[in-house]
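Here are the chains, one letter per residue:
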2 protein chains.
Amino acid sequence: MRILITAGGTSEKIDDVRSISNHSSGRLGVAIANAFNAEVTTIDYVTTKNAQKPEGDLITLHFINDTKELADTLTNLLTTHSYDAVIHSMAVSDFTPATSLSEEQLQTALTGLLAKNNGESISAAVLKNWLAELESDAHQDKKISSDTDHLFLILKKNPKVIHLIKKLQPETLLVGFKLLVDVSFNALFDVAMKSIQKNSADFILANDLTEVGPNEHHGYLIAKDGSYTEAATKKEIAQLIKQAITTARKNK
Amino acid sequence: MRILITAGGTSEKIDDVRSISNHSSGRLGVAIANAFNAEVTTIDYVTTKNAQKPEGDLITLHFINDTKELADTLTNLLTTHSYDAVIHSMAVSDFTPATSLSEEQLQTALTGLLAKNNGESISAAVLKNWLAELESDAHQDKKISSDTDHLFLILKKNPKVIHLIKKLQPETLLVGFKLLVDVSFNALFDVAMKSIQKNSADFILANDLTEVGPNEHHGYLIAKDGSYTEAATKKEIAQLIKQAITTARKNK
């Protein structure tokens, strides 16, 4: 058996000295690798420098920083090897910095927007054009000047990396992850089912940040038919995922 | 001798799952601690979870995440102990997230700004008021929704933590740090001299990111009289700082 695990959290550069990161200790990824590694599984493990890492002779670590590098590494691995399952637990940045403006630059940009708009109220289309212009005007700052009381960071949405997985390898089993904050079970379940459909996932591990701590980690492993199992720790989550994949492979 | 060292890079929370960080491996701080530790110095070492850490019986580690925690920890230490020197090498965030807006929210906010302004061009004062309003309207998002193509992050300037040091302990020797990117020696020198004046620093270690690597680290230790010495590695920088402090204490 050969599987691909992603774990840790991506970082997107703002300039040469700053970045935006998604928090993730990487401990859940380590628990998952350990659960599989115990039974002679070859593991490609994609992670980040700061995350905790699993150890094992059959584990190959691949390091990435941002979503672009993640997409490149996954594309490379998925077109080179055939995986029985892909467990995509990495916390991936939804946004990447597109440009930044000082107060003075924002004032100029808004004045330009107003002049073009002849004082009429700003439609969504006018706003989108204005943003596209700001983005194309963006000079890549090596280090953003701190000589402004407020800084405006315009972030643009990243393409969803999870989409790649079934596109490149339709036969693999895909386990995705959804982390929400302080929501009901119903909200978690709905978001998980939507993610299963959008990403052709076989399972989603849905969890709530308010129920994640160093010693507890409450989560639901939700299957595409809507059935689910529940776990209280990272070790239990790892076991649930391993069992679900083992069973799904047998039934194939 | 008792000294205080700060090292690593601060992170500012955007929401419960994301933050903005200043990069810093913490290796320079470790080199400085090692240079002093070799000669029986008691060291309070303020750093972050992800940074490399020095080891030694006389070293006490203090962990912080953001600039607020850094200011609190420094205030506490500087009002409890008397330090022969404070070496403030931490990469401190200039800005902290104040609020964020989706495209739709920005559209509403801009429309409101326009209506108030009767179609006139936007002055700096009008813009500042608008920003203050947006900031006071900000609801603390637990996790910012990714349901927008662009996200606008408004960051506000942090109070400079380095100001605290001589205010709380005028008699200590202060070594500050300035990191610029791809500038001339003259630009580095000017920024360092300004920092010495603004922060009542005794020395500034000025360096350029383009000359910082794992094995090389070019830097100038600039004294308040404008004299300076030069180093090519982290170890050399650490030695320069130790020598400068030792000499300055003798001449006191």
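- If you check an unreviewed UniProt entry, chain A appears there as Phosphopantothenate--cysteine ligase from Candidatus Enterococcus myersii.

## Here's the deal with the relation of the copies chain A and chain B
Line of reasoning, step 1. Overlaying chain A on chain B yields an RMSD of 0.0 Å, the required transformation being a rotation through 180° with an accompanying axial translation of 0.0 Å. Both copies of the chain, as the preceding transformation shows, are related through a two-fold rotation axis.
Line of reasoning, step 2. Both copies share a contact surface, since 100% of the interface residues of chain A are interface residues in chain B too.

## Quick word on the interface of chain A and chain B
When the parts of a complex come together, some accessible area is lost, and that lost area is often used as the size of the interface.
Line of reasoning, step 1. Contact residues are listed per partner, giving 48 residues for chain A and 48 residues for chain B.
Line of reasoning, step 2. Our enumeration of links across chain A and chain B arrives at 2 salt bridges.
Line of reasoning, step 3. The residue Arg18(B) makes a salt bridge to Asp94(A) at a minimum N-O spacing of 2.9 Å.
Line of reasoning, step 4. If you look at where chain A meets chain B, you find 11 residue pairs in polar contact (both at pLDDT 80 or more).
Line of reasoning, step 5. Elements with a contribution of two residues or more to the side of chain A that touches chain B: β3 (18-22), α3 (103-117), α4 (124-137) and β8 (150-157) of chain A.
Line of reasoning, step 6. When residues in the side of chain A that touches chain B are grouped by element, the largest group, 8 residues, is from β8(A).
Line of reasoning, step 7. Its residues placed into classes, the side of chain A that touches chain B shows 21 nonpolar, 13 polar and 14 charged.

## Remarks on the environment of Leu101(B)
Line of reasoning, step 1. In this fold, Leu101(B) is placed in strand β7 (residues 95-102).
Line of reasoning, step 2. Given a relative accessible area of 6%, Leu101(B) falls into the buried group.

## With respect to the pattern of salt bridges
Line of reasoning, step 1. The full count for this structure, using the stated rule, is 18 salt bridges over all chains.
Line of reasoning, step 2. Residue Arg18(A) is joined to Asp15(A) by a salt bridge in which the shortest nitrogen-to-oxygen separation is 2.6 Å.
Line of reasoning, step 3. Of the charged contacts, one joins Lys13(B) and Asp16(B) as a salt bridge, the two residues approaching to 3.0 Å between their closest N and O atoms.
Line of reasoning, step 4. Residue classification places Asp16(B) among the partly exposed positions, given a relative accessible area of 29%.

## Thoughts on the sheet that holds strand β3 (residues 18-22) of chain B
Line of reasoning, step 1. Strand order in the open sheet made by the 4 strands is β2(A)-β3(A)-β3(B)-β2(B), with antiparallel pairing throughout. Strands with a single pairing partner mark the edges of an open sheet, and in this sheet they are β2 (11-13) of chain A together with β2 (11-13) of chain B. Put simply, the sheet's adjacent strands are angled 25° from each other on average, direction ignored.
Line of reasoning, step 2. Taken together, the 3 bridges between β2(B) and β3(B) define a ladder with antiparallel strand orientation. When the bridges of β3(B) are listed, Lys13(B) appears paired with Ser19(B).

## Quick word on the UniProt feature "domain: DNA/pantothenate metabolism flavoprotein C-terminal" (unreviewed entry) in chain A
Line of reasoning, step 1. Per the UniProt record, the feature "domain: DNA/pantothenate metabolism flavoprotein C-terminal" (unreviewed entry) sits at residues 2-102 and 131-246 of chain A.
Line of reasoning, step 2. Here residues 2-102 of chain A is 25% helix and 36% strand, with 49 Å between the C-alpha atoms at its ends.

## Description of the sheet that holds strand β12 (residues 228-231) of chain B
Sheets are built from strands that pair by backbone hydrogen bonding, the pairs being arranged parallel or antiparallel.
Residues and elements named next belong to chain B.
Line of reasoning, step 1. Taken in spatial order, the 8 strands line up as β5-β4-β1-β6-β9-β10-β11-β12 in an open sheet, and their pairing is mixed. Edge positions in the sheet fall to β5 (59-63) and β12, since each of these pairs with one other strand and no more. Looking at each pair of strands side by side, their axes are set apart by 15° on average, direction ignored.

What counts and what doesn't
Residues numbered from 1 in each chain as written. Chains lettered and ligands numbered in written order. Predicted model: local features only at pLDDT ≥ 70, side-chain atom pairs only at ≥ 80, totals over all residues. Heavy atoms only, no water. Least-squares fit on C-alpha atoms with pLDDT ≥ 70 in both. Contact = heavy atoms within 4.5 Å. Salt bridge = Lys/Arg side-chain N within 4 Å of Asp/Glu carboxyl O. Polar contact = N/O pair within 3.5 Å; in protein donor to acceptor, adjacent residues only side chain to side chain. Helix = DSSP H or I, 4+ residues; strand = E, 2+ residues; numbered from the N terminus. Nonpolar A, V, L, I, M, F, W, Y, C, P; charged D, E, K, R; others polar. Buried < 20%, exposed > 50% of the residue type's maximum accessible area, 1.4 Å probe, protein only. Pairing = 2+ DSSP bridges. Axes fitted to C-alpha atoms, helices over the stretch in contact; angles between N-to-C directions. UniProt positions renumbered as here; feature names shortened; annotations may be inferred.

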